[in-house]
Amino acid sequence: MNNSFKILSDVIQLLWPLIAVFTLIVSLRAKQQHPGQGSTLMVVGGALSLFVSAAQLVRNYGLRYGWFEYADIKVFFDLTVFISLVGQVLFLIGLLILVNSIITVEEKPMNRSQ
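Residues numbered from 1 in each chain as written. Predicted model: local features only at pLDDT ≥ 70, side-chain atom pairs only at ≥ 80, totals over all residues. Heavy atoms only, no water.

## Things to note about the overall build of the protein chain
- Across its full length, the protein chain holds three helices and zero strands.
- Shown N-terminal to C-terminal, the secondary structure of the protein chain runs as helices and strands in the order α-α-α.
- Computed over the C-alpha atoms, the radius of gyration of the protein chain is 19 Å, more than 25% above the 13 Å expected from 2.2 N^0.38 for a compact globule of 114 residues.
- The proportion of buried residues among the 114 residues of the protein chain is 26%.
- The contacts of the protein chain with a sequence gap of at least 6 include a subset with a gap of at least 24, amounting to 69%. (Helix = DSSP H or I, 4+ residues; strand = E, 2+ residues; numbered from the N terminus. Rg over C-alpha atoms; globule rule 2.2 N^0.38 Å. Buried < 20%, exposed > 50% of the residue type's maximum accessible area, 1.4 Å probe, protein only. Contact = heavy atoms within 4.5 Å.)

What follows is the structure, encoded as structure tokens:
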């Protein structure tokens, strides 16, 4: 039971960095197709999310195998939570700007025909 729980825990811990990689890939693709401020913010947010996911993975393994002291983890945790928040906000603001710019471009031809 303990061994299967450890395997499940490892798989779940690897899932978050994979989601962050996917987010960064989508952001880079958006940057290629729609260059601008919105897609740039999405790329920065995706990169920060990937960094935080990797840092949290290292932290979790470090705690499991005794690489870190528990006293140092609070500062590390607070820092990664703040960076993650900034990355998520940047990504969402970038997504909002990108969607607004795409909608604005698509609405202009319709407004001219009226």
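What follows picks up the thread again.
## What about a nonpolar patch on the surface?
- Together, L8, I12, L15, W16 and I19 line one region of the surface with nonpolar side chains, adding up to about 490 Å² of accessible area.
- Along the chain, I12 turns up in helix α1 (residues 2-33). (Patch = residues over 30% accessible without salt bridge, like charges linked within 9 Å, V, L, I, M, F, W, Y side chains within 5 Å. Areas by Shrake-Rupley, 256 points an atom, 1.4 Å probe, with all protein chains shown as cover. Salt bridge = Lys/Arg side-chain N within 4 Å of Asp/Glu carboxyl O.)

## Considering the pattern of salt bridges
- One pass over the structure, following the stated rule, counts one salt bridge.
- Two residues, D78 and K74, come together in a salt bridge whose shortest N-O distance is 2.7 Å. Here D78 and its partner K74 are both found in helix α3 (residues 70-113), four residues apart, which amounts to about one turn of the helix.
- Among the residues examined, D78 registers a relative accessible area of 37% and is labelled partly exposed.
- What makes K74 exposed here is its relative accessible area of 54%.

## Here we look at the packing of α1 against helix α2 (residues 37-65)
- The interhelical angle for the contact between α1 and α2, taken along N-to-C directions, is 165 degrees, at an axis separation of 7 Å. Between α1 and α2, the interaxial angle falls into the category roughly antiparallel. The two elements α1 and α2 cross, and the hand of that crossing is left-handed.
- Of the residues contributing to the contact of α1 with α2, the split by class is 15 nonpolar, ten polar and four charged. (Axes fitted to C-alpha atoms, helices over the stretch in contact; angles between N-to-C directions. Parallel < 35°, antiparallel > 145°, perpendicular 65-115°, else oblique. Left-handed = near helix turned anticlockwise from the far one by under 90°. Nonpolar A, V, L, I, M, F, W, Y, C, P; charged D, E, K, R; others polar.)

## Some words on α2
- Over its 29 residues, α2 extends 42 Å from the first C-alpha to the last, a length consistent with the 42 Å expected when each residue adds 1.5 Å.
- One or two positions beyond α2, positive phi appears at G66, with a value near 75 degrees. (Expected span 1.5 Å × (residues − 1).)

## Examining the side chain of R59
- You can see R59 is positioned in helix α2.
- Lacking a salt bridge, the buried R59 has D78 as its closest oppositely charged neighbour, with an N-O distance of 8.9 Å.
- In contact with R59, not counting residues within four places along its chain, are F68, I73, F76, F77 and T80. (Lys, Arg positive; Asp, Glu negative; His and termini not counted.)

## Let's talk about the packing of aromatic side chains
- In total, this model carries one aromatic pair according to the counting rule given.
- With centroids separated by 6.1 Å and ring planes inclined at 35 degrees, the aromatic side chains of Y65 and W67 adopt a geometry described as tilted.
- Since its relative accessible area comes to 45%, Y65 is described here as partly exposed.
- Look at W67 and you get exposed, because its relative accessible area is 55%. (Phe/Tyr/Trp six-rings, centres within 6.5 Å; stacked < 30°, edge-to-face > 60°.)

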